[in-house]
Amino acid sequence: MKKRMISVIGAAVIGLNAFGGGAALAKDIHKDIVNVSHRGASAYAPEHTIASYDMGEKLHGDYIEIDLQMTKDGHLIAMHDVTLDRTTNGTGSVKDYTLNEIKQLDAGSWFNEKYPYASKAEYEGLKVPTLEEVFKKFGKNNSYYIETKSPDVYPGMEKELLRLVDKYKINKEKLLVQSFSSQSLKVMNELDPSIKLVQLISYKANAEITEAEIKEIKQYAMGIGPNHTYLNEEYVQKVVNSGLELHPYTVNDKERMKQLINWGVTGMFTNHPDLLHDVKKGR
């Protein structure tokens, strides 16, 4: 895995760069930024399909990012929404369908219709993958960034995730689990304290975080994942200097990528992992 934990000293060095005192270090700083392919390389292929995950690897993403939903019969599948409507030709809640029923759906044609400039004939008829299929395809030593989506809708989601992680001997050093639900992350932490966790946060206005909030998060997580829109340099410096990783989502503009890196973020989510790769290379 290309990531490393940013130490307080390292964060201070990044801080110098952000204030113009360490410009010569910029290229080295960029190299260590975690490049997370958001739902796979979802700007180029239907999100949360094997094709999208494949594309993410080809375009230099460091992680396969997988949102989890759970079927009526208890299988974990890769899908962002709790409903089937947006990314398949089905309709209704995932929880009301068996895996076999969901496997009959087309999870690719919608992309060709919505993004004709990126459409490919082979995207038609793509299937919704299970987490198990993703693990089988990409192997135990790949880097996975997995989100427990709507865990309140799916009791036992965390336990099933860990069962599959253990079954396929997934390298836990290369595994990150994130959620907006602190309760879900705390359940994960209780079930297996070795799993590295990231607390997702959604800001609706200027991002602020207190020392008390940071202290609370550090009891169970090693990082936070806020939406990038409302971040500011002071916030970024405060978080990374606390020792937490900071992986904002979802950044698709090169200039914004550069700004966030210079502020001190340790990684980010993007639909365009190739763009972030270029930024990391100084292009």
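Parameters and conventions
Throughout, residues of each chain are indexed from 1 in the direction in which the sequence is written. In keeping with the model being predicted, local features are shown solely for residues with a pLDDT of at least 70 and side-chain atom pairs are shown and tallied solely at 80 or more, while totals for entire chains, interfaces and linings include all residues. As a convention, hydrogens and water are excluded, and side-chain values are obtained from all of the structure's heavy atoms. Secondary structure is summarised from DSSP: a helix means a run of H or I of at least four residues, a strand means a run of E of at least two, and numbering begins at the N terminus for each. Under the scheme applied here, a residue whose accessible area is under 20% of the maximum for its type counts as buried, over 50% as exposed, and between as partly exposed, the area being computed with a 1.4 Å probe on protein chains only. Two residues qualify as a contact provided that any one of their heavy atoms is within 4.5 Å of a heavy atom in the partner residue. Values of accessible area rely on a 1.4 Å probe in the Shrake-Rupley scheme; residue burial ignores everything except the protein chains shown. Cavities and pockets were defined on a 1 Å grid built over protein atoms only: a cavity is a set of grid points that admits a 1.4 Å probe from which the probe cannot escape, a pocket is an open set flanked by protein on both sides within 12 Å along at least five of seven lines, and lining residues are those with an atom within 4 Å of any such point. Grid points are joined across faces, edges and corners, and a volume is the space filled by probe spheres set on the points. When residues are sorted by character, Ala, Val, Leu, Ile, Met, Phe, Trp, Tyr, Cys and Pro go into the nonpolar class, Asp, Glu, Lys and Arg into the charged class, and all the rest, Gly among them, into the polar class. Simply put, an axis is a line fit to the C-alpha atoms, just over the touching stretch for a helix, and the angle between two N-to-C directions goes from 0 to 180 degrees. By definition in this entry, angles of less than 35 degrees are roughly parallel, angles greater than 145 are roughly antiparallel, angles of 65 to 115 are roughly perpendicular, and the rest are oblique. By the definition used in this description, the sense in which the near helix is turned from the far one sets the handedness, with an anticlockwise turn below a right angle giving left-handed and a clockwise turn giving right-handed.

- By the naming in an unreviewed UniProt entry, the protein chain is Glycerophosphodiester phosphodiesterase, taken from Cytobacillus oceanisediminis 2691.

Some words on the overall build of the protein chain
Part 1: In terms of regular secondary structure, the protein chain is built from 12 helices and nine strands.
Part 2: For the protein chain, with 283 residues in total, the buried portion stands at 55%.
Part 3: Pairs at least 24 residues apart make up 60% of the contacts formed inside the protein chain by residues separated by at least 6 positions.
Part 4: A total of about 12,300 Å² of accessible surface is found on the protein chain, and carbon and sulfur atoms cover 52% of it.

What to know about the layout of surface pockets
Part 1: The volume enclosed by the largest pocket comes to roughly 200 Å³.
Part 2: For the largest pocket, the lining is made up of 13 residues, of which His38, Arg39, His80, Phe180 and Tyr249 are closest to its centre.
Part 3: Along the lines of polarity and charge, the residues of the lining of the largest pocket split into four nonpolar, four polar and five charged.

Concerning the packing of helix α7 (residues 157–167) against helix α8 (residues 182–191)
Part 1: Two elements in contact, α7 and α8, have axes whose closest approach is 9 Å; the angle formed by their N-to-C orientations is 45 degrees. For the element pair α7 / α8, the angle class is oblique. For the element pair α7 and α8, the recorded crossing hand is right-handed. Across the interface between the two elements, Glu158, Lys159, Leu161 and Leu162 from α7 touch Ser184, Val187, Met188 and Leu191 from α8.
Part 2: In terms of residue class, the contact of α7 with α8 is made up of five nonpolar, one polar and two charged.

Section: the environment of lysine 136
Part 1: Mapped onto the elements of the fold, lysine 136 is located in helix α6 (residues 131–138).
Part 2: Of the residues examined, lysine 136 reaches a relative accessible area of 57% and is grouped as exposed.

Comments concerning unusual backbone geometry
Part 1: Despite not being glycine, arginine 39 has its phi angle at roughly 60 degrees, a positive value.
Part 2: Considering the arrangement of structural elements, one finds arginine 39 in the loop between β1 (34–37) and α3 (50–58).
Part 3: Positive phi outside glycine occurs at histidine 60, with the angle close to 75 degrees.
Part 4: Inspection of the secondary structure assignment puts histidine 60 in the loop between α3 and β2 (63–70).
Part 5: Since its relative accessible area comes to 41%, histidine 60 is described here as partly exposed.

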